[in-house]
Amino acid sequence: MAPHTPKDEGPQPPPPITPGGTYSIQTVSVGCKIYIRRTTPEGEEEERLAEILSIRDKPVNAYASRLRGEVKQEEPQKPEDRLEFFVHWEHFNKRLDEWVSGSRLVLSRDLEWPRPKTQPSTKKVVGKKTPAKNQRQQSLLKRAATANALAVGKAAKAEPGTPGPSTPASARASASPAPTIGQKRKTLHEEDEEEEEDLDADAEGEMDVDAEGEVLDLDATEPVPPPPPVSAFSKEQEIEKLRTSGSMTQSISEIARVKNLNRLQIGKHEVDAWYFSPYPQEYAHLPVLYICEFCLSYFGSQFMLSRHRKRCNLLHPPGNEIYRHEDISFFELDGKRQLTYCRNLSLLSKCFLDHKTLYYDVTPFLYYVMCQRDSTGCHMVGYFSKEKESADNYNVACILTLPQHQRHGYGKLLIEFSYELSKREGKLGSPEKPLSDLGLLGYRAYWAETIIDLLMNTTEDISIDDIAQKTSITHADVMNTCTTLQLFKHYKGQHVISIPEAVQERYRKAKEKRKRRIHPECLIWKPPVFSRDQLRFGW
């Protein structure tokens, strides 16, 4: 469920406030804002305002009693700890949303209720009927879009899936447990979201982007104003928007999804999940979900994982190694041949990507997994997928660096490798849109660094087309990057490319900082060619 953001409709009445100490934990319901205790990165405790998005009974770990040699003991539980609240921290990114126990709520401070909805004022304009016509057209459009979304959800549910190696037969379909407590004031929009959430209950699937998808507000009755021009946004506003709003969402049903996993253990790393991922329901809300770092199968306990590792003989992704330099290797996987691995990879990556929609079919995609080698095997660092045949010449469909390996330069390495493949194919490439907030920042940094590097090392005249052909970056991405960096100058009646001193200085610092690069001579790969029958669905 996404935090409620009221529309900009002029002055609004202040939200109702209940003074602290005059209410109990049973009074708190979905939509309220309350102060909650949280631990800062420095280890200190603070009280921060948060919005309640969902309420549930504290789940019971079904795998705790299966551990060998462990005596199950009932720990005394406070009455307020029987409830858990899924909260969105005020002014924080969406990926920091989390489940908190009831004892962390500060009941001694004021409780803020949702603002009452104001009735839109209807103004009669003589001789002008166009707005009413536009409203009817938009209403029909929204109804059609909603019906289409429901139909897609039903079709996805009806399509059978192939369970993973660790998925029992009874858990081939999953759903995010719907909140059952405290939802006293449901609007029609919220009920529609919950219905679509129940319909879209896939267990496994591939992430894809619907570039034409749009988040619709079913409560809107007024015409949607045109978007402001690009020049109206400053860089500071954009960074603030990325920081607080999180990644873009392309499906109405994804908005209502509440994070169902707490932590993941992948090899020697234990990381927090950021977003919802449709793992089977029996694995939802476990304290830790254990994932085999080589085959990506998932288990509910450490004992089950250790028993699996005795039988699992994989030490690297089940594909062809096409690149090796120092301790970095890339493996190419066909979604049709390595079906189970690719579906498990999709489930894992959905925990950290909010702007993707999962589907069962992974066969139209190729996966390129980057690994770091050591004496124990090849450990996955990140990956990207691309369509076997893209009508729009996209060279990346989905790209991810695992959180434990972020901020080490691996993201740029993945992007550089995707463009190196495009150079081998002799095509210009661009990632599918929309990009997540971190993906957008990573691609902009790579485009800027690559274009500046080419310009700094070129002595002859060069055009936009030359830059695109030498870097495999599309003309549109080259133009947007040059415009953002303010490289275009008007000189003697024509436009020329001029690099400001500040941009040159940033380029030198980035070049000194970046240590890992892709070496084309280490890539042993030919572009795969697929026949029409091989590209056909269900081949």
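Residues numbered from 1 in each chain as written. Predicted model: local features only at pLDDT ≥ 70, side-chain atom pairs only at ≥ 80, totals over all residues. Heavy atoms only, no water.

**Focus on the overall build of the chain**
Here is step 1: Scanning the chain from N- to C-terminus turns up 12 helices and 21 strands.
Here is step 2: The buried share of the chain, reckoned over its 539 residues, is 44%.
Here is step 3: The contacts in the chain between residues at least 6 apart in sequence include a share of 71% that link residues at least 24 apart.
Here is step 4: Carbon and sulfur atoms make up 52% of the accessible area of the chain, which amounts to about 29,800 Å² in all. (Helix = DSSP H or I, 4+ residues; strand = E, 2+ residues; numbered from the N terminus. Buried < 20%, exposed > 50% of the residue type's maximum accessible area, 1.4 Å probe, protein only. Contact = heavy atoms within 4.5 Å. Areas by Shrake-Rupley, 256 points an atom, 1.4 Å probe, with all protein chains shown as cover.)

**A word on the nonpolar core**
Here is step 1: Judged by nonpolar contacts, the single largest core of 46 residues is most densely connected at Leu264, Tyr279, Leu348 and Phe352.
Here is step 2: With five residues, helix 6 (residues 339–350) is the single largest residue contributor to this core.
Here is step 3: When residues no more than four places from it in sequence are discounted, the contact partners of phenylalanine 352 are Leu264, Val271, Asp272, Ala273, Trp274, Tyr275, Leu400, Leu402 and Pro403.
Here is step 4: Residues Tyr323, Ile399, Tyr446 and Ile473 belong to the second largest nonpolar core, which totals 43 residues. (Core = buried A, V, L, I, M, F, W, Y, C linked by side-chain atoms within 4.5 Å.)

**Quick notes on the packing of helix 7 (residues 410–425) against helix 8 (residues 437–456)**
Here is step 1: Viewed as axis vectors pointing N to C, helix 7 and helix 8 meet at an angle of 60 degrees, and their least axial separation amounts to 10 Å. Classified by the angle between their axes, helix 7 and helix 8 sit oblique to one another. As for how helix 7 packs across helix 8, the hand of that crossing is right-handed. Taking contact as the criterion, the partners of Lys412, Ile415, Glu416, Ser418 and Tyr419 in helix 7 are, on helix 8, Gly442, Tyr443, Ala445, Tyr446, Trp447 and Glu449.
Here is step 2: Broken down by class, the residue content of the contact of helix 7 with helix 8 amounts to six nonpolar, two polar and three charged. (Axes fitted to C-alpha atoms, helices over the stretch in contact; angles between N-to-C directions. Parallel < 35°, antiparallel > 145°, perpendicular 65-115°, else oblique. Left-handed = near helix turned anticlockwise from the far one by under 90°. Nonpolar A, V, L, I, M, F, W, Y, C, P; charged D, E, K, R; others polar.)

**Observations regarding unusual backbone geometry**
Here is step 1: Across the junction of lysine 433 and proline 434, the peptide omega takes the value 0 degrees, indicating a cis bond.
Here is step 2: Note on placement: proline 434 falls in the loop between strand 19 (430–431) and helix 8.
Here is step 3: Phi is positive for leucine 296, which is not a glycine, with a value near 65 degrees.
Here is step 4: As for its placement among the helices and strands, leucine 296 is situated in the loop between strand 10 (289–291) and strand 11 (298–299).
Here is step 5: The phi dihedral of lysine 492 is positive, around 55 degrees, even though this residue is not glycine.
Here is step 6: For lysine 492, the position within the fold is in the loop between strand 20 (488–491) and strand 21 (494–497).
Here is step 7: Judged by its relative accessible area of 70%, lysine 492 is exposed.

**Section: the environment of cysteine 295**
Here is step 1: Inspection of the secondary structure puts cysteine 295 in the loop between strand 10 and strand 11.
Here is step 2: Using a relative accessible area of 10% as the deciding quantity, one classes cysteine 295 as buried.
Here is step 3: Spatially, the C-alpha atoms of cysteine 295 and cysteine 342 are 9.5 Å apart, while their sequence positions differ by 47 residues.

**Observations regarding the sheet that holds strand 10**
Here is step 1: Sheet architecture is open: four strands sit in the order 9-8-10-11, paired in mixed fashion. What marks the edges here is a single partner per strand, and that holds for strand 9 (269–272) and strand 11.
Here is step 2: Across two bridges, strand 10 lies against strand 11 in antiparallel orientation. By the bridge assignment, tyrosine 290 is partnered in strand 11 with phenylalanine 299. (Pairing = 2+ DSSP bridges.)

**Overview of the confidence of the model for the chain**
Here is step 1: On average, residues of the chain score 77 in pLDDT, and 68% of them are at 70 or above.
Here is step 2: Per-residue pLDDT stays below 50 along residues 242–256; that stretch engages in 53 contacts with residues further than four places along the chain or on separate chains. (pLDDT = per-residue confidence, 0-100.)

**Considerations on the packing of aromatic side chains**
Here is step 1: Summed over the entire model, instances satisfying the criterion amount to 13 aromatic pairs.
Here is step 2: Between tyrosine 419 and tyrosine 446 the ring centres are 5.4 Å apart and the planes differ by 15 degrees, which places this aromatic pair in the stacked class. Remark: tyrosine 446 occurs in helix 8 and tyrosine 419 occurs in helix 7; sequence separation between them is 27 residues.
Here is step 3: Feature note: the residues Tyr323, Phe330, Tyr368, Phe384 and Phe417 constitute an aromatic cluster, connected by ring pairs.
Here is step 4: When the ring centre of tryptophan 89 is taken as origin, the NZ or CZ atom of arginine 38, which lies over that ring, is 5.4 Å away.
Here is step 5: Note that arginine 95 overlies the ring of tryptophan 274, its terminal NZ or CZ placed 4.8 Å from the centroid. (Phe/Tyr/Trp six-rings, centres within 6.5 Å; stacked < 30°, edge-to-face > 60°. Lys NZ or Arg CZ within 6 Å of the ring centre and 35° of its normal.)

**Structural notes on the sheet that holds strand 13 (residues 328–334)**
Here is step 1: With antiparallel pairing, five strands are arranged side by side in an open sheet as 12-13-15-16-18. Each end of this open sheet is capped by a strand with a single partner; those strands are strand 12 (320–325) and strand 18 (398–401). Ignoring which end each strand starts from, the neighbouring axes of this sheet average 20 degrees apart.
Here is step 2: Direction of pairing for strand 15 (residues 365–374) relative to strand 16 (residues 377–387): antiparallel, over a ladder of 10 bridges. Across the sheet, residue methionine 370 finds its bridge partner in strand 16, namely glycine 382.

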